[in-house]
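For reference, the chains in residue letters:
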Amino acid sequence: LSLTSLNEKQRLATEKNDCFKEELNELNSRLNALKQIQSNYEWLPEGIRNFILQNKGQGVLGTFSDFISVPEGYERAVETALGDTLKWILVDESSQAITAINSLKQDSIGRGTFISIKDERINTDIYKSTGDMKSLFDIVQIEKIRSNIIERTLKKVFLVSTLDQALEARKGANDNSSYITTDGD
């Protein structure tokens, strides 16, 4: 190899490195912005967002989405399957849900779905993954909390390969399970 060709290789490698650094900076910036949006609940209506931020740690635990982690590749399916459930506001006790609803109503700042994590009446054993169907419970990670309501919600949604498989599974189901493909169909 000649000095000229080595210099050219070095120049190309430096350019490539610079491009990677720029892309990394852009990705880090986007990630930080998304973390900020998530931690400040900027994706919620203003009244609900402010209510959560003001009351977090005082019986208000956060939203359903705060307590799950979705593996890469399953985001669309989980978001489609859970929809507004991701916005549910989790509280310690049922009485706190009533207080929160009354507070929102009194201040006319919005509406929300409040769920107590201490509802132990929920039987989560009726939903089981079978064959080539997996429940979201077997895919999604529950974080920082133990809650039957989160478990049940995830266990009753099954990931299937095709819509035909979903229709076939639905024929044999006698509960309120739902089925979704990885693409969110």
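Details of the structure are given in the entry above.
Anyway, here's the lowdown on the structure attached to this text. Owing to the predicted nature of the structure, the values given are computational and were not obtained by experimental measurement.

**Section: the sheet that holds strand β7 (residues 157–160)**
Think of a sheet as strands paired side by side through backbone hydrogen bonds, with each pair either parallel or antiparallel.
Thought 1: Spatially, the three strands line up as an open sheet ordered β5-β7-β8, and their pairing is mixed. Each of the sheet's edge strands pairs with one partner strand only, and the pair in question is β5 (134–135) and β8 (178–181).
Thought 2: Lying over the sheet, helix α3 (residues 75–82) contacts β7 and β8, oriented at roughly 150 degrees with respect to β8.
Thought 3: Set on the sheet, helix α5 (residues 148–155) makes contact with β5 and β7; between it and β7 the angle comes to about 35 degrees.

**Considering the sheet that holds strand β1 (residues 60–63)**
Thought 1: Pairing is mixed across the open sheet formed by three strands, whose spatial order is β1-β3-β4. Of all strands in the sheet, those bounded by a partner on one side alone are β1 and β4 (114–116). Neighbour-to-neighbour, the strand axes of this sheet turn through a mean angle of 30 degrees, independent of strand direction.
Thought 2: By the bridge criterion, three bridges tie strand β3 (residues 89–91) to β4 in an arrangement that is parallel.

**So, a negative patch on the surface**
Thought 1: Taken together, the side chains of Asp18, Glu22, Glu23 and Glu26 define an acidic patch exposed on the protein surface.
Thought 2: Examined against the element boundaries, Glu23 turns out to sit in helix α1 (residues 3–39).

Conventions adopted
Residues numbered from 1 in each chain as written. Predicted model: local features only at pLDDT ≥ 70, side-chain atom pairs only at ≥ 80, totals over all residues. Heavy atoms only, no water. Pairing = 2+ DSSP bridges. Helix = DSSP H or I, 4+ residues; strand = E, 2+ residues; numbered from the N terminus. Contact = heavy atoms within 4.5 Å. Axes fitted to C-alpha atoms, helices over the stretch in contact; angles between N-to-C directions. Patch = residues over 30% accessible without salt bridge, like charges linked within 9 Å, V, L, I, M, F, W, Y side chains within 5 Å. Areas by Shrake-Rupley, 256 points an atom, 1.4 Å probe, with all protein chains shown as cover. Salt bridge = Lys/Arg side-chain N within 4 Å of Asp/Glu carboxyl O. Lys, Arg positive; Asp, Glu negative; His and termini not counted. Charge placed at Lys NZ, Arg CZ, Asp CG, Glu CD.

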